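Secondary and tertiary structure notes
Single-letter residue listing:
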Amino acid sequence: MKNEKPDVIKTVDVALGARSYKIEIGTGLLAHAGEKIGALVKGRQAAIVTDSNVGPLYAWTVKQSLEAQGFQVTVITIEAGEASKSWQNAEMILTVLLEKKFHRDACVVALGGGVTGDLAGFVASVYQRGIAFFQIPTSLLAQVDSSVGGKVAVNHALGKNMIGAFYQPKLVLIDMDALQTLEERHWRNGLAEVVKYGVIYDAAFFTYLKQNAADILARKLSVSAEVIAACCRLKAEVVALDETEGGVRAKLNYGHTIGHGLELAGHYNGYLHGEAVAVGMVLAARYAAEKGMCDAGIEGEIRSLLEAFQLPVKADTSLSIDEIMAGMALDKKVQDGQLVFILPEAMGNVTIVKGVLESEIRALLENDYHA
Ligand SMILES: NC(=O)c1ccc[n+]([C@@H]2O[C@H](COP(=O)([O-])OP(=O)(O)OC[C@H]3O[C@@H](n4cnc5c(N)ncnc54)[C@H](O)[C@@H]3O)[C@@H](O)[C@H]2O)c1
Ligand SMILES: [Zn+2]
């Protein structure tokens with residue numbers, strides 16, 4: 001076995017009363033998932049939900065470690081990609097759990113990126129009114145964002161993430177070894193959400209990212225651990241304050257209003273989520289500066305860090321502005337026909353602004369297209 005001894009480099013607590021849990025960040029953790037999970041549940045039935053890229057690489061290791069703790073393990077593999085975050089797949093997995101006679105004390109282990117985590121978590125939240133759920137995120141985006149905080153969902157033809165729940169995992173195991181096999185584009189994709197944390201909450205972290213950009217791109221282990229832990233800490237703090245997004249948690253949606261419009265306009269075949277958010281963050285900062293809410297320099301700072309991470313900073317002009325606007329209107333962040341935007345006031349500080357006019361955002365996009 002490659003890693004005899006797991007190395008937990010950092011631990012972050014998510015403080016949610018009876019639903020509190022730990023995020024363990026380290027190396028060699030996959031091979032010890034069984035002990036950690038086994039210590040937290042009574043039952044000995046586990047379903048590992050994974051995808052067609054991650055499963056062949058890592059499911060065996062996790063399965064073995066669970067079996068060593070006496071678990072009866074079922075591995076369920078979905079096709080990699082956003083289209084798998086579907087009601088049909090949720091039903092398919094629920095059927096397997098029923099066929100295998102999974103009890104209420106069984107558990108679901110999500111092993112993969114955000115697609116796997118969101119889908120597996122949703123299934124765990126509804127199977128027999130909820131069974132134990134564990135997150136083993138393997139993409140950077142999942143490690144810094146989607147595996148923490150308990151938002152689980154599947155997509156509907158009429159909207160992304162429209163069928164879901166708030167359902168917290170019992171433990172998040174972040175094994176950085178797994179990141180070595182992540183494709184370059186997906187690594188950068190996760191970095192967009194990393195930059196977001198700096199902009200919304202932590203100017204010092206933003207500076208750290210700037211100073212360490214080369215090591216971050218090179219996936220240097222010590223720096224990656226620092227970055228992942230910082231993001232998890234920030235997300236955990238926000239989620240502890242506002243678990244169900246009644247207020248401050250909405251700040252995590254910085255860059256996401258336009259981002260979702262771009263994703264939808266590209267029919268999810270153009271931008272990856274983080275890439276769309278990168279463009280959305282730049283445009284939102286520009287809008288805030290135009291409104292006199294922040295210094296114009298902030299947009300430039302955000303843009304140059306995103307460029308250092310080789311992320312897009314300008315909308316793809318082949319996308320129809322009408323479709324981007326229609327995509328934004330479908331988004332959950334629209335209230336009473338007006339857009340809700342998260343806008344920077346200063347580096348590390350954003351505010352929630354309601355009543356942004358669609359016409360203003362259309363003009364912003366048109367100007368960006370012609371710039
Ligand atoms: N629940 C939340 O709070 C939340 C937050 C942000 C995003 N999301 C959701 O997350 C999803 C996007 O997540 P994602 O970017 O991880 O997508 P993903 O799950 O599709 O993973 C990206 C790609 O990387 C592959 N992959 C993952 N880990 C790998 C590894 N270690 N080695 C090799 N390949 C690997 C996957 O197979 C996939 O092809 C979206 O559905 C989004 O809505 C949820
Ligand atoms: Zn996001």
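Look above for the structure.
A brief look at the structure comes next. Only a predicted model underlies this, so the values are computations on that prediction, with no experimental measurement involved.

**A word on the environment of Val109**
Structurally, the position occupied by Val109 is in strand β5 (residues 107–112). For Val109, the residues in contact, after removing those within four places along its chain, are Ile37, Ala47, Ile48, Val49, Leu66, Phe134 and Ile136.

**Topic: the site of ligand 1**
The local shell around ligand 1 holds 26 residues, among which Asp51, Glu82, Ser139, Lys160 and Thr181 are the closest. In this structure, an oxygen atom belonging to ligand 1 sits 2.8 Å away from a main-chain N or O atom of Gly114. Interatomic distance of 2.7 Å between a side-chain N/O atom of Thr181 and a nitrogen atom of ligand 1. Surface burial for ligand 1 is 90%, taken as the share of its 860 Å² of free accessible area covered by protein chains.

**A few points about helix α4 (residues 114–126)**
The first and last C-alpha atoms of α4 sit 18 Å apart over 13 residues, in line with the 18 Å expected at 1.5 Å per residue. With 12 of 13 residues buried, α4 lies mostly within the body of the structure. Positive phi shows up at Gln128, right after α4, with a value of about 45°.

**Overview of the sheet that holds β5**
In a beta sheet, neighbouring strands pair by backbone hydrogen bonds and run either parallel or antiparallel. Pairing is mixed in the open sheet, where seven strands are placed in the order β1-β2-β9-β6-β5-β3-β4. The strands lining the two open edges of the sheet, one partner per strand, are β1 (7–14) and β4 (72–78). Across the sheet, the mean angle separating the axes of adjacent strands is 20° when strand polarity is ignored. Sheet topology note: the β5/strand β6 (residues 132–137) ladder contains six bridges and is parallel. When the sheet's bridge partners are listed, Val109 is paired in β6 with Phe134. Helix-sheet contacts for helix α9 (residues 221–241) involve β1, β2 (21–27) and β9 (171–175), and the interaxial angle to β1 is about 15°.

**As for the environment of Ser125**
Mapped onto the elements, Ser125 comes out in helix α4. Ser125 gets classed as buried once you look at its relative accessible area, which sits at 13%. Considering only alpha carbons, one finds Ser125 and Lys220, 95 residues apart in sequence, at a separation of 36 Å. Setting aside residues no more than four positions away along its own chain, Ser125 makes contact with Gly130, Val152, Ala165 and Tyr167. At 2.7 Å, the side chain of Ser125 forms a polar contact with the backbone oxygen of Phe122.

Parameters at a glance
Residues numbered from 1 in each chain as written. Chains lettered and ligands numbered in written order. Predicted model: local features only at pLDDT ≥ 70, side-chain atom pairs only at ≥ 80, totals over all residues. Heavy atoms only, no water. Helix = DSSP H or I, 4+ residues; strand = E, 2+ residues; numbered from the N terminus. Contact = heavy atoms within 4.5 Å. Near = heavy atom within 4 Å. Polar contact = N/O pair within 3.5 Å; in protein donor to acceptor, adjacent residues only side chain to side chain. Areas by Shrake-Rupley, 256 points an atom, 1.4 Å probe, with all protein chains shown as cover. Expected span 1.5 Å × (residues − 1). Buried < 20%, exposed > 50% of the residue type's maximum accessible area, 1.4 Å probe, protein only. Pairing = 2+ DSSP bridges. Axes fitted to C-alpha atoms, helices over the stretch in contact; angles between N-to-C directions.

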